[in-house]
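# Survey of secondary and tertiary structure
Each chain is listed here by its residues.
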Amino acid sequence: MFSKVLIANRGEIAVRIMRACEELGIATVAVYSEPDRDAIHVKRADEAYLLGPGPAAESYLATDRLIDAVNRSGAEAVHPGYGFLAENAAFAAALEDAGITFIGPPASAIEAMGSKTRARELMAKAGVPIVPGTTEPVRTFEDARKAIEDTIGYPVAVKAAGGGGGKGFRVALEDSQLQDAFEGAAREGEKFFSDATVYLERYLPDPRHVEVQVLADKHGNVIHLGERDCSLQRRHQKLIEEAPAPAVDAELRARIGKIATDAAAAVSYTGAGTIEGLLQEGDYFFLEMNTRVQVEHCVTEMVTGIDIVKEGIRVAYGEPLSISQDDVVMRGHAIECRINAEDASRNFSPAPGSIGAYREPAGPGVRVDSGVGPGSEISPMYDPMVAKLIVWDVDREQATARMVRALEEFEIEGLTTLLPFHQAILRTRQWRDAETCRDLIEDRAWLKELAFPRPEKGDGDEVAETVQQSYTVEVSGKRFDVKVIGPPVAGALNGAAPAREGAVGAKRAPRRSERAQSGGGGGADKLSSPLQGTVLKVAVEKGADVEEGALVCVIEAMKMENEITAHKAGTVAELPIAVGASVATGDTLAVINSAGE
Ligand code: MV4
């Protein structure tokens, strides 16, 4: 087995991969950006290397710096996790060329599945059912119109060829909407993937998002671990996932399992991967393949007992899969809730900030995958996912009750999260009846009821009498944890608070208690920006009257469009923003005076 693996990621997935490495007896190497110096994935690793400043392009996406860290550490393999470089064929190829193992599929498989038109063509040839539509790129709006008139018909989905996960996805219900849809998908394709090419699919009105987990080794074995249902999503961000899918029985499972293993085999896939598809009235259509371990792999682990991450590492080393298809048995039901630092009552707007007290749920059938703890910062620079809460029980109803109980136990002080959203949705009739809940997720009035309780300020900031202090030092960019034992010293280095007596390694970051309350900070009329980014759209005018929850502006950050809504009803008295302008976290976007002021 490998003796040392570098994990080219951060947060919960970095910790998840380290756990697998530790169980396999593999030493772990973390990498980190400057704002992640105190992150849990860094402390947990056997050694750690600074990549650079916060922006991902200068740290977690900087391939030269990553390869430098691989060489300095002597790691034999790199695990990319998900996001960042996980589906970057050039990175996988660069590692292959340097004699370093990429823990994932061959670069050729990433590339084949990366182009959605190429993937559709390959899948159709392999006998995998694809959503009816084009397999060739559609160059012009006129070509699109012709293809629709000749074969596809309305409604139609226009999708970016470089896309995936819903980016660059538009719908035209009729001819009058086609031009907007075509141009919108092309523009987003260009922006996100530097590829304005689009293709067309028949738009399915109310499908379920059902995906199949596959595992393949370098000895020709390709198996599937059953399916997950990820229909509960908002703006193509999955919020809740479950396994098995409520709409899939054993017969259908065998059928879509075969589709998935055929799809993987067609690109000579190895490692862990996912075939995403749409299920409508018993018909299953291939959408795309995710050539990486996914956020929601855990629900499959809970119902099969198979460690997907460990299998991925084993097959990357060249070992055969430790299980065969006949060994795979699904038992009970698992649900995952993504606990994001977002405010569901404000259009799911990002709510970065620092965590005060923090306590994870436990007890039977409960699993928490997280990369945070008391005092952790949720940076606006990265994914807002704080933790994943996964539960298992014998059936869907009992798993739901267990999830409600576990959500209740979860304490995340000082941060606005999706905990109340999940609590509320799991108690609805729609969830109980296994509907896709699309109506609820788009229902402003329903979401507004989920307004987050104002975080209470804790009084846990007092410093205990200490005899031991922990410092972090970086020597030529390599991280070392240094323990200093002696009388308390004022003015701790690096902002690290002295650890409590005996509590080895326990550090408390200074709390920025006001940051979490970004919406109303600095005066009740002021609407502050919850994040740093660029103003894409201003939806109100100065002097206009707005309702609470009305769209004020759209801010693009990390290539994501974030809708910022009015925190109260009133008149827009000040509007110091313009399209194209940059805003920083905490900047005033608008001042809204209450009616009658
Ligand atoms: C579709 C679709 C309908 N017809 N494609 C693409 C990415 C993923 N996030 C969902 N995607 C969809 N692709 C065609 N041809 C509808 C969706 C879709 C969806 C599907 C199942 C369950 C929930 C969904 C929420 C939004 C979009």
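Residues numbered from 1 in each chain as written. Predicted model: local features only at pLDDT ≥ 70, side-chain atom pairs only at ≥ 80, totals over all residues. Heavy atoms only, no water.

## What about the nonpolar core?
- Among the nonpolar cores identified, the biggest contains 59 residues, and Phe2, Leu6, Leu66, Val78, Phe91, Leu215 and Ile313 are the most heavily contacted of them.
- Ranked by residue count, the leading element in this core is helix H1 (residues 11-23), at six residues.
- Not counting the four nearest positions on each side in its chain, Phe2 is found in contact with Ile26, Glu76, Ala77, Thr101, Ile103, Ile313, Ala316 and Tyr317.
- Core analysis: the next-biggest nonpolar cluster, separate from the first, contains 39 residues, Ile378, Val404, Ala406 and Leu426 among them. (Core = buried A, V, L, I, M, F, W, Y, C linked by side-chain atoms within 4.5 Å. Buried < 20%, exposed > 50% of the residue type's maximum accessible area, 1.4 Å probe, protein only. Helix = DSSP H or I, 4+ residues; strand = E, 2+ residues; numbered from the N terminus. Contact = heavy atoms within 4.5 Å.)

## Concerning the side chain of Arg402
- Within the element layout of this structure, Arg402 appears in helix H12 (residues 396-409).
- A polar contact is formed between the side chain of Arg402 and the backbone oxygen of Trp392, at a distance of 2.8 Å. (Polar contact = N/O pair within 3.5 Å; in protein donor to acceptor, adjacent residues only side chain to side chain.)

## A look at helix H9 (residues 250-266)
- Compared with the 24 Å implied by 1.5 Å per residue over 17 residues, the 24 Å span of H9 between its first and last C-alpha is a close match.
- Among all positions in H9, only Leu252, Arg253, Ile256, Gly257, Ile259, Ala260, Thr261, Ala263 and Ala264 are buried.
- Considering only its buried residues, H9 is in contact with helix H5 (107-114), helix H6 (116-125), strand E9 (208-216), strand E10 (222-234), strand E12 (271-280) and strand E13 (283-290).
- Once H9 finishes, Ser268 follows within two positions and takes phi at roughly 50 degrees, a positive value. (Expected span 1.5 Å × (residues − 1).)

## Considering the confidence of the model for the protein
- Of all residues in the protein, 91% have pLDDT values of 70 or greater, and the mean over the chain is 90.
- Note on residues 455-464: pLDDT is under 50 here. Beyond four places in sequence and across chains, it has 13 contacts.
- Predicted confidence is poor over residues 491-522, with pLDDT under 50, and the contacts of this stretch with residues over four places away or in other chains come to 66 contacts. (pLDDT = per-residue confidence, 0-100.)

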